[in-house]
Amino acid sequence: MQLPHAVAIVSGAARGIGAAEARALVHAGACVVLGDILDDQGEHLARELNAERGQVCARYVHLDVTRLANWTDAVATAYDAFGRLTTLVNNAGISGRRGLEDTSEEEWHRVIDTDLTSTWLGMKACIPAIRRAGGGAIVNTSSVYGLVASGAATAYHAAKGGILMVSKAAAVEYAREGIRVNCIHPGLIDTPMTATLPATWHDTILRQTPMGRAARPEEVANAVVFLVSDDASFITGTSLVIDGGWTAT
């Protein structure tokens, strides 16, 4: 158990990558606050994790990641349930597939707010608590689309590229306080959100992925556990690409 003293908040934790991250953190010994807007699924996962561990190691909180007040409530839940906060996994996000001219102002703000602004809000709310705990680790979720362009998905590229740079900025700002900040860039992952995307897009990415398959959510989650653990104690301000070689081609 690499994380016996960790207490984490995971956003977008009710399903997909977030749920896998919550499971992996709990299996590594951490206690976890699960944040999402899918209340029934989030509550169910919390009960399941507590039953598996035989003790209260997970709490669910309704978390609209675009609202600072919801983040403040999540931090308070971590303190009430587990007495501290050491770890943040900013996972929640949405996709946006339209090109520059076809993206409406409403869609632009929705994607930027949900993906990028939420990352900043999560760190803004959690860093003071992590500081009080004596330091800790943050992992922000970008995408391979935060590194390369596709010719569409303008707002999504902007948000995910912004997550990369806000992570680097925070890593430099808080390094001397013992707070590490890193960023992951998943490629094609087998999740419910990916299943809603056009089959032509999915098939094209799959053909271009040297490993010839999508990743399992657990493969992303294991990378996150590493980044927040003491095994990564000298790693901050970096990007970990989890894409089966897609960006290497």
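Just so we're clear, the structure is a prediction, and the values are computed from it rather than from any experiment. (Residues numbered from 1 in each chain as written. Predicted model: local features only at pLDDT ≥ 70, side-chain atom pairs only at ≥ 80, totals over all residues. Heavy atoms only, no water.)

Chemist: Explain the overall build of the protein chain to me, please; I cannot follow it from the model alone.
Modeler: For the protein chain, the count of helices and strands is eight helices and seven strands. In terms of overall dimensions, the protein chain is globule-like: its C-alpha atoms have a radius of gyration of 17 Å, near the 18 Å expected for 249 residues. Viewed in the frame of its principal axes, the protein chain has a C-alpha envelope of about 45 × 35 × 35 Å. The 249 residues of the protein chain split such that 51% are buried. Element-wise, carbon and sulfur atoms account for 53% of the exposed surface of the protein chain, whose accessible area totals about 11,400 Å². The averaged location of the 26 negative side-chain charges in the protein chain is 4 Å from the averaged location of its 20 positive side-chain charges. (Helix = DSSP H or I, 4+ residues; strand = E, 2+ residues; numbered from the N terminus. Rg over C-alpha atoms; globule rule 2.2 N^0.38 Å. Buried < 20%, exposed > 50% of the residue type's maximum accessible area, 1.4 Å probe, protein only. Areas by Shrake-Rupley, 256 points an atom, 1.4 Å probe, with all protein chains shown as cover. Lys, Arg positive; Asp, Glu negative; His and termini not counted. Charge placed at Lys NZ, Arg CZ, Asp CG, Glu CD.)

Chemist: Quick question: what am I supposed to make of the packing of helix H1 (residues 16–27) against helix H8 (residues 217–228) here?
Modeler: Describing two packed helices takes the angle between their axes plus the distance from one axis to the other. Relative orientation of the contacting elements H1 and H8 amounts to 50°, with a least axis distance of 8 Å. Overall, the two elements H1 and H8 adopt an arrangement that is oblique. Every pair of crossing elements has a handedness; the one defined by H1 and H8 is right-handed. Contacts from Gly 16, Ile 17, Ala 20, Glu 21, Ala 24 and Leu 25 in H1 reach Pro 217, Glu 218, Val 220, Ala 221, Asn 222, Val 224, Val 225 and Val 228 in H8. Residues of the contact of H1 with H8, tallied by class, amount to ten nonpolar, two polar and two charged. (Axes fitted to C-alpha atoms, helices over the stretch in contact; angles between N-to-C directions. Parallel < 35°, antiparallel > 145°, perpendicular 65-115°, else oblique. Left-handed = near helix turned anticlockwise from the far one by under 90°. Contact = heavy atoms within 4.5 Å. Nonpolar A, V, L, I, M, F, W, Y, C, P; charged D, E, K, R; others polar.)

Chemist: How should I be thinking about unusual backbone geometry in this particular structure?
Modeler: Despite not being glycine, Ala 153 shows a phi value in the positive range, around 55°. If you trace the backbone, Ala 153 turns up in the loop between strand S5 (136–141) and helix H5 (154–174).

Chemist: Would you mind showing me how to read the pattern of salt bridges here?
Modeler: Pairs can form between side chains of opposite charge whenever their charged atoms are close. Taken as a whole and assessed by the stated rule, the structure comprises seven salt bridges. Here Asp 64 ties to Arg 67 by a salt bridge, and the two come within 3.3 Å at their closest N and O atoms. A relative accessible area of 52% means that Arg 67 is categorised as exposed. Close ionic contact of Glu 177 with Arg 131 constitutes a salt bridge, the shortest N to O distance being 2.5 Å. Taken together, the residues Glu 177 in the loop between H5 and strand S6 (179–186) and Arg 131 in helix H4 (residues 105–132) connect sequence positions 46 residues apart. Overall, the relative accessible area of 37% leaves Arg 131 in the partly exposed class. Among the charged side chains, a salt-bridge network with shared partners connects Arg 23, Glu 48 and Glu 52. (Salt bridge = Lys/Arg side-chain N within 4 Å of Asp/Glu carboxyl O.)

Chemist: Before we go on, may I ask you to explain the packing of aromatic side chains in this structure?
Modeler: What describes a pair of aromatic rings is the distance from one ring centre to the other and the angle between the planes of the rings. One pass over the structure, following the stated rule, counts two aromatic pairs. A ring pair is formed by Tyr 145 and Tyr 156, whose centres lie 6.2 Å apart and whose planes are at 75°; its orientation type is edge-to-face. Of this pair, Tyr 145 sits in the loop between S5 and H5 while Tyr 156 sits in helix H5, and the two are eleven residues apart along the sequence. Across this residue pair, the class does not change: Tyr 145 and Tyr 156 are buried. Ring centres 6.2 Å apart and planes at 45° place the aromatic pair Tyr 145 and Trp 246 in the tilted group. With Tyr 145 in the loop between S5 and H5 and Trp 246 in the segment after strand S7 (239–242), this pair connects stretches of sequence that are 101 residues apart. For Trp 246, a relative accessible area of 12% puts it in the buried group. (Phe/Tyr/Trp six-rings, centres within 6.5 Å; stacked < 30°, edge-to-face > 60°.)

Chemist: Help me out: how do you make sense of the packing of H4 against H5 in this one?
Modeler: Orientation of H4 relative to H5, taken along the N-to-C sense of each, is 15°, at an axis distance of 8 Å. Viewed along their axes, H4 and H5 adopt a mutual orientation that is roughly parallel. Where H4 crosses over H5, the handedness of that crossing is right-handed. Across the interface between the two elements, Trp 108, Val 111, Ile 112, Asp 115, Leu 116, Thr 119, Met 123, Ile 127 and Arg 131 from H4 touch Thr 154, Ala 155, Tyr 156, Ala 158, Ala 159, Lys 160, Gly 162, Ile 163, Val 166, Ala 170 and Tyr 174 from H5. Tallied by class, the residues present in the contact of H4 with H5 amount to 14 nonpolar, three polar and three charged.

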